[in-house]
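Notes for the structure review
This is what each chain is made of:
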Amino acid sequence: MEAGEEFGPWLARQLRLANKTQAELAEELGLTRAAVSAWITKRSVPRPTVMGEIAKALGTDLGTVHTRTTDTQAGLPVTWYHRPGYQDGGRDGGNAAAFAFDADVQVLARETCQNSLDERLVENGRPVRVRYTIHELTGEKLEAFRAALLWDELQPHYSAVSESAADQKVGRVVDAGVRDMFEKGRLVLLRIDDYNASGLTGDDYDDGKFAAVVRRQLESLKSGRGAGGSYGLGKATLWATSALGMVLINSTLSVPHEGRTERRVIGRLELPWRSVDGIPYAGPAWLGRPDPETHNAEVVRSWWADEETVERLHLTRDNDEPGTSFLIVGAHDVASLEQGGTDSDDEEGNASDGDGIRDIRVMHRRLVEALGRDFWAAMTGGGSRLPLLETSVRTYRNGEIVLEEETVDPTDIQPSRSRALRAFYEGTTVDRLTEAGQVALRAVPLKLPLFGGRSGTLGTHQGVLLVTEAEDKDGVPNQVHSLRGNRMTIKKSTVHGLPLGVTQFQAVLLVGHAAGESAPFAGEAEEFLRAAEPPEHDRWGQTEELTLRWSHSAHNRISRLTTEVNAAVKELVVRPKRPGSEESAKLRKKLTVQRKTAAVKRGSGPTVPELVELDAEIGESKEWRITAEVKLPRADELPAMTPVVLLEVRSGGRPRLDWAELVAVEGCEVEGGVLHFEQGARRAVFRGATDPTSHPVRTELTRLALELRAGSGE
Amino acid sequence: MIEQPHHLPPRLGLLSATAADPFLTEDLLRGIQGHGGVDLAKVVEPLPEEDPRWRAEPLRELIDDVLHQFKENRTEADAWLAPRLHAALRLTRREAADRRIWNHLALGVAPDYVAWRHASAPSSGSADSRVAAARFKGSPDRQCFSRLWWAAELFRNGRDYAPVVVACSNQDLIHTVMRSDLVDHRPTAQALVRVLQSGIATTGREINGLMAAINTAGATLVYDAMAADEWRDPEDLRRWIEEAETAPPVPRHELPTGPEEEPVPEKSVETLTKYFADLFETAPVRGRAPQG
Amino acid sequence: MKFYPYKRLNRPVGLRVTSVSLRLPDRTRDHLDTSAFSTPQRTVALGVAQHEDWLSARIGLSATLPPGATDPDAPWSDLRVLAVLTDGDTNVRTTVELRQDAPESKEWSGAIEVRRDDHVGRADLAVHAVATVDGVRGRAITETDTDWTIDTTAEEPLGGLRLDVKQTSFTKSAREWLRPYADAPWVVDASGRLPVVMVNTDVEGFSDLLGGETGGMENRVHELLLSQMATDVWTAVFHSAVGDLEVEPDGSPVFPSDWRGEVLREMLPDVVPGLRAEDALRQVHRRRTGDAGWAELQTRVHFAAVRRAGARQSLANVLRALQQTNREDRS
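Residues numbered from 1 in each chain as written. Chains lettered and ligands numbered in written order. Predicted model: local features only at pLDDT ≥ 70, side-chain atom pairs only at ≥ 80, totals over all residues. Heavy atoms only, no water.

A short note on a nonpolar patch on the surface
Residue and element names in this part refer to chain C. Side chains of Met217, Val221, Leu315, Leu319 and Leu322 sit close together on the surface and give an oily, nonpolar patch of about 380 Å² of accessible area. When residues of the nonpolar patch are traced back to their parent elements, those giving at least two are helix H2 (216-243) and helix H6 (311-330). A per-element tally of the nonpolar patch places H6 first, with 3 residues. Considering the arrangement of structural elements, one finds Val221 in helix H2. (Patch = residues over 30% accessible without salt bridge, like charges linked within 9 Å, V, L, I, M, F, W, Y side chains within 5 Å. Areas by Shrake-Rupley, 256 points an atom, 1.4 Å probe, with all protein chains shown as cover. Salt bridge = Lys/Arg side-chain N within 4 Å of Asp/Glu carboxyl O. Helix = DSSP H or I, 4+ residues; strand = E, 2+ residues; numbered from the N terminus.)

Comments concerning the sheet that holds strand S14 (residues 164-168) of chain C
Residues and elements named next belong to chain C. One open sheet holds the 3 strands; their spatial order is S14-S16-S15, and the pairing between them is mixed. Of all the strands in the sheet, the pair left with one neighbour each is S14 and strand S15 (186-189). Between one strand and the next, the sheet's axes are offset by a mean angle of 20 degrees, whatever the strand orientation. Taken together, the 5 bridges between S14 and strand S16 (residues 196-200) define a ladder with parallel strand orientation. (Pairing = 2+ DSSP bridges. Axes fitted to C-alpha atoms, helices over the stretch in contact; angles between N-to-C directions.)

Concerning the pairing of strand S7 (residues 279-290) of chain A
All names here are of chain A. Counting buried positions along S7 yields 10 of 12 residues, so the element is predominantly enclosed. Pairing geometry for strand S5 (residues 264-270) and S7, over 4 bridges, is antiparallel. Looking across to S7, one finds that Arg268 is bridged to Trp286. Across 3 bridges, the pairing between strand S6 (residues 274-276) and S7 is antiparallel. (Buried < 20%, exposed > 50% of the residue type's maximum accessible area, 1.4 Å probe, protein only.)

As for the interface of chain C and chain A
At the junction of the two partners, chain C supplies 76 residues and chain A supplies 59 residues. When chain C packs against chain A, close to 5700 Å² is buried across both sides, 50% of that on carbon and sulfur atoms. The largest share of the area that chain C buries against chain A comes from C:Met1, C:Phe3 and C:Glu155, three residues that together contribute 14% of it. There are 4 salt bridges connecting chain C and chain A. (Contact = heavy atoms within 4.5 Å. Buried area = accessible area lost by both parts, 1.4 Å probe.)

A look at helix H2 (residues 22-29) of chain A
Residue and element names in this part refer to chain A. Of all the residues in H2, the buried ones are Leu25, Ala26 and Leu29. All buried residues of H2 lie within an arc of 100 degrees about the axis, which places them on one face of the element. Summarising the contacts, the buried residues of H2 are in contact with helix H1 (7-18), helix H3 (33-40) and helix H4 (48-58). (Arc of directions from axis to C-beta.)

Here's the deal with the domain arrangement of chain B
Residues and elements named next belong to chain B. On domain assignment, one finds that chain B holds domain 1 (1-124 + 131-150) and domain 2 (156-229 + 264-292). Between domain 1 and domain 2, the C-alpha centre-to-centre distance is 29 Å. Residue-level contacts link 11 residues of domain 1 with 10 residues of domain 2. Interface area for domain 1 against domain 2, summed over the two sides, is near 970 Å², with a carbon-plus-sulfur share of 65%. If you look at where domain 1 meets domain 2, you find 0 salt bridges. In this structure, the connection of domain 1 to domain 2 is made through 5 residue pairs in polar contact (both at pLDDT 80 or more). Going through the elements one at a time, helix H5 (77-88) and helix H10 (144-155) are the ones with two or more residues in the side of domain 1 that touches domain 2. At 6 residues, the largest contribution of residues to the side of domain 1 that touches domain 2 is made by H5. Residue composition of the side of domain 1 that touches domain 2, grouped by class: 5 nonpolar, 2 polar and 4 charged. (Domains from an automatic or database assignment. Polar contact = N/O pair within 3.5 Å; in protein donor to acceptor, adjacent residues only side chain to side chain. Nonpolar A, V, L, I, M, F, W, Y, C, P; charged D, E, K, R; others polar.)

Here's the deal with the nonpolar core
With 100 residues, the main nonpolar core has B:Trp102, B:Tyr113, B:Phe145, B:Phe155, B:Tyr223, B:Phe276 and B:Leu279 as its most contacted residues. Sort the elements by how many residues they give to this core and H10(B) lands first, with 9 residues. Mapped onto the domain boundaries, this core takes at least three residues apiece from domain 1 (1-124 + 131-150) and domain 2 (156-229 + 264-292) of chain B. By size, the runner-up hydrophobic cluster in this structure holds 78 residues, among which are A:Val105, A:Leu200, A:Val467 and A:Val495. (Core = buried A, V, L, I, M, F, W, Y, C linked by side-chain atoms within 4.5 Å.)

Section: the packing of aromatic side chains
Applying the stated criterion across every chain yields a total of 17 aromatic pairs over all chains. The interplanar angle of 85 degrees and the centroid separation of 5.1 Å between the aromatic rings of A:Phe528 and A:Trp550 together place this pair among those described as edge-to-face. Of this pair, A:Phe528 sits in helix H19 (residues 522-531) while A:Trp550 sits in the loop between helix H20 (544-549) and helix H21 (556-573), and the two are 22 residues apart along the sequence. For the pair shown, A:Phe528 and A:Trp550 are each scored as buried. Seen from their ring centres, A:Trp624 and C:Phe3 are 5.9 Å apart, and the 80 degrees between their planes marks the pair as edge-to-face. (Phe/Tyr/Trp six-rings, centres within 6.5 Å; stacked < 30°, edge-to-face > 60°.)

What to know about the pattern of salt bridges
Across all of its chains, the model carries 85 salt bridges over all chains by this definition. Ionic pairing is found between A:Lys184 and A:Asp180, a salt bridge with its closest N-O pair at 3.6 Å. A:Asp180 gets classed as partly exposed once you look at its relative accessible area, which sits at 23%. The partner of C:Arg8 in a salt bridge is C:Glu143, and the shortest N-O contact between them spans 2.6 Å. Taken together, the positions of C:Arg8 in the loop between strand S1 (2-3) and strand S2 (14-23) and C:Glu143 in strand S11 (residues 136-143) put the pair 135 residues apart, joining distant regions of the chain. What emerges from the salt-bridge pattern is a single network uniting A:Glu648, A:Arg654, A:Glu707, A:Arg709, C:Lys2, C:Asp279 and C:Arg282.

Remarks on the pairing of strand S25 (residues 683-690) of chain A
All names here are of chain A. Across the 8 residues of S25, 6 count as buried, placing the element largely inside the fold. Across 7 bridges, strand S20 (residues 624-631) lies against S25 in antiparallel orientation. The partner of Ala628 across the bridge, within S25, is Phe686. For strand S22 (residues 659-666) and S25, the ladder comprises 6 bridges, and the chain directions are antiparallel. When the sheet's bridge partners are listed, Val663 is paired in S25 with Arg687.

Right, here's the structure in full:
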């Protein structure tokens with residue numbers, strides 16, 4: 001049984017929800033108001049006999065009053081609250097953050113996993129598990145889900161937005177999303193669950209993780225990483241991925257709120273400004289339970305839902321482990337269309353089912369790809385070290401499995417980089433690469449500047465550079481991926497200026513906390529690089545924060561690190577040159593006969609008759625019997641050709657065999673061992689048999705070669 | 001016939017084909033007039049002074065002896081000279097691959113031998129008798145001395161030069177075989193000698209047929225897989241080369257002893273000997289030269 | 001077109017070099033960095049400055065057989081995998097059997113020893129999968145499609161044939177045969193194992209110009225000179241390559257196995273366009289040894305050389321640089 005909330009606060013909330021005063025309850029129970037007040041202020045608890053009366057008064061059963069793990073169903077039901085339009089009539093056009101960029105599940109994967117990593121419960125040392133579930137609904141299942149969502153309440157709002165579709169991008173996206181659901185009769189849900197994470201803790205309105213995600217949207221975008229807590233710009237991608245601008249949330253908290261942890265549920269909708277029945281609405285809306293403490297009890301807040309409700313909203317979590325589930329309603333992946341080039345609008349007449357399956361399969365593949373690419377390091381462990389992160393992707397359609405749950409395996413997607421990191425954790429790195437598959441380690445210095453623009457160096461952090469041979473699956477070769485404490489690839493840079501012939505490699509640079517516990521100035525380096533990281537987390541360089549806290553030239557320290565890294569890489573993978581061998585290098589280069597790799601290039605067609613097909617077998621009297629096809633060029637006059645049959649040898653001259661028989665089959669004539677082609681023919685076929693007495697060795701030990709030579713073949 | 005140069009170089013050197021070219025006069029090739037040796041010496045690049053292997057005198061003495069001994073039967077000189085040249089001029093294969101040393105030996109030390117050994121048949125009239133320039137500075141299988149040295153290197157069985165004598169006694173074998181890389185496989189080379197000794201193939205035509213059979217089947221067969229060879233330790237050869245300093249002149253009557261290298265495994269030689277004999281005996285042509 | 005009379009695998013063996021170590025005269029081993037070999041160039045460079053006197057090199061190999069090789073119902077038995085090192089300059093053939101990493105595995109590995117004294121320049125390394133097919137032992141059922149090159153002297157693992165460039169004073173050189181050419185800034189000697197370009201250091205400043213990286217006009221002139229030299233070299237090596245061809249019994253010329261062959265395969269498509277390499281070689285050989293057509297071919301030989309030397313581009317660069325200088329002078 002779950003640990004229930006204390007009676008007093010619980011009762012107070014139930015009264016608020018039911019819109020009842022303490023006096024009214026006291027009257028119903030036939031007690032004094034002071035007695036009820038004593039319960040609420042925790043000075044006393046009701047006698048067991050009174051509990052039944054209280055349950056009756058709140059319209060619930062005795063069990064609920066005893067356990068106090070959920071709210072009573074009394075009071076105002078769960079509903080959508082749409083923020084009213086501004087008094088001044090301003091139309092901001094909805095949440096800019098959510099619609100600033102095109103939906104891209106790969107960006108979503110990056111941002112959501114990043115958040116989960118930041119929210120990982122570190123004390124137990126276990127990884128945070130993040131699971132992506134793609135679920136396509138059609139038919140009855142879709143109907144049921146829409147009902148659970150209270151779609152009918154939303155319909156007028158979506159219609160209003162659709163009408164404005166011509167004017168704004170947001171409107172067009174939403175309009176397309178709604179049409180997709182009704183015309184194709186399908187809806188894609190993309191759910192992101194994390195386990196062993198902190199969950200959305202804190203009050204509905206005050207500072208805390210919950211408010212940071214659910215309430216503060218625009219604010220966090222404006223003030224950057226500081227105010228938004230861990231959930232920065234990234235969370236906007238959740239809404240951006242929904243064609244309907246809708247995300248439902250179910251969180252299990254690591255720290256109880258209102259005495260509870262499980263099934264804290266809320267929904268949030270991002271729509272542009274709209275007018276419904278003449279009433280203007282600002283944009284956002286929330287699905288929740290009306291808060292009696294707010295004006296007119298209109299504003300809704302999260303509620304502690306029962307199991308049936310989360311089931312109907314597709315929000316059921318696997319177990320009571322802390323973490324959050326985000327359900328993106330109407331998930332779409334515009335970026336994949338750009339890549340795939342299939343425009344689904346053109347195929348509306350076709351069976352949309354097959355099309356939908358393709359969409360969700362592509363989404364699945366792109367998620368796996370992105371997770372492997374961006375989080376291979378966080379997913380890699382080694383030695384006594386567990387990975388920080390585990391991820392998986394699975395795909396359903398109406399509850400049936402389309403693609404089995406696929407655990408993203410960094411050794412499969414990033415074989416050489418994950419091998420490098422594992423070797424570092426296991427302590428099996430080498431100083432020099434002498435065998436394929438080895439991982440070399442080099443320390444590279446990052447000189448940290450002093451704060452506040454003072455010149456000088458605070459200290460030298462030793463980053464760890466790992467270099468190993470590349471594999472095909474790693475993608476672009478000869479790259480350095482740089483990571484700090486969160487193990488996310490921040491910076492990818494290609495090492496340039498490598499001489500021809502360098503065996504392809506992959507390198508990993510670990511700096512800050514990633515460089516290991518014992519690395520000097522790890523914390524300072526981590527702080528410095530975090531400051532040098534833009535919100536996109538995709539590079540280190542000049543940022544406002546870097547300039548303010550350090551100096552205008554602080555980013556030069558990072559350039560110097562890059563120089564050090566490239567030099568160290570080259571030292572490991574490039575053959576050192578003897579002094580003076582550079583001399584005449586240019587001339588040598590011009591005089592190099594390059595090894596032929598490709599076949600001889602062909603023009604638009606053959607200019608001479610060409611053998612295209614050869615079939616051969618050994619006949620009864622050990623002769624080679626051949627049938628050959630010749631492709632003929634389009635030409636007014638075709639040259640006569642001689643078929644020459646030779647035997648391949650180990651080395652030196654090839655013995656030429658005699659023809660015992662040479663017969664034209666099609667498109668040619670044979671005259672004295674020479675082929676004459678018919679005018680206008682495009683192909684010719686001839687048959688032949690060798691004279692076995694001209695074979696220098698038993699026929700079954702020979703390898704036949706047939707050639708066409710010009711003229712009489714001499 | 002031309003004489004040896006008046007000026008004999010005391011040491012072998014490196015003579016590039018380009019540098020040698022002006023000395024390969026029509027008179028020299030026709031065996032009318034040799035060169036004095038002084039001008040040639042100017043265009044030779046010296047080899048390291050301290051290495052006793054480059055002394056020319058022992059080689060010249062060997063040439064003098066062979067000229068004397070085979071005055072009447074020059075083709076038989078090959079079988080005698082090949083092992084002795086190999087033992088007298090101790091080289092690694094790397095060194096022997098430098099054609100310039102052979103150019104110098106032929107043109108600088110023993111042009112008279114080249115002219116004597118390779119002048120075209122005298123029956124066609126002395127006026128037409130001519131030596132191909134390739135015998136002085138040509139490819140390793142044509143050049144007068146390098147072909148003998150390489151024949152000895154490829155056919156010796158470790159320290160044993162006896163197979164070299166058999167191989168070089170047959171002009172057809174040495175001519176055909178040296179052009180092919182089949183004998184780079186030591187068991188193949190030894191097996192060829194065995195087939196020759198067994199009398200299965202003796203005439204030039206038969207030997208050509210044998211080689212054609214082995215070479216043709218070699219397009220699909222990997223003989224290495226049938227007959228393994230032993231690893232040769234490079235130190236064995238180095239030791240033998242170092243001993244050149246103290247080694248006595250090569251014996252004239254007995255065969256010299258080669259480097260103490262691992263001999264070819266007997267089992268491999270036997271396997272291939274049988275296999276080659278079978279290839280030859282079941283071949284339809286059997287020595288009838290395929291029509292060209 | 002070729003035809004085998006037995007079943008084979010139609011895909012090649014993949015071959016990778018995994019490590020290289022040198023055995024030194026004091027019997028120690030020096031493990032070379034993996035930068036000594038290049039997978040894209042399929043080349044191993046054994047020339048290391050510190051150790052000229054190594055005895056042998058051990059090259060670690062890993063071969064991947066194509067699918068089907070180890071199927072239980074494959075039409076062959078006694079599958080073996082051999083690595084074969086061959087060297088046309090020294091007639092060396094070294095064979096080593098690779099071992100299957102695990103039963104049923106497609107991966108086979110082992111190491112081959114390369115003796116320093118046995119090689120002068122480059123050796124070729126191939127892998128053959130051999131089996132008994134239809135009762136015939138020792139059949140090659142597949143092999144590598146491109147050999148690896150083991151270069152015993154190169155310091156950089158670069159594929160392709162590199163010609164030698166030597167700088168020397170023609171009047172004072174130990175190579176006395178150069179003296180008659182004292183007036184020439186360079187000569188090409190294509191008679192040796194590798195073609196050599198001899199650069200005459202007697203021409204003052206020439207050597208500096210060739211070695212220099214000064215930029216600007218000087219650089220352009222440098223480029224032009226290089227392409228002029230390269231044109232000479234390509235012309236010379238082509239003639240040298242066709243000059244001494246071996247001939248098959250039926251009179252067809254054979255591609256030489258050394259640098260001459262590489263040069264011919266590179267240049268023939270420009271000299272005799274539209275023909276297969278073998279036919280082109282036959283035609284060139286016929287023209288050279290026959291009565292007519294040799295002189296007519298020279299224009300094409302020159303064209304092929306000029307193209308390879310990048311003459312057009314370097315000329316254009318000089319012209320552009322000249323125009324620029326003129327403009328600057330005027331203004």
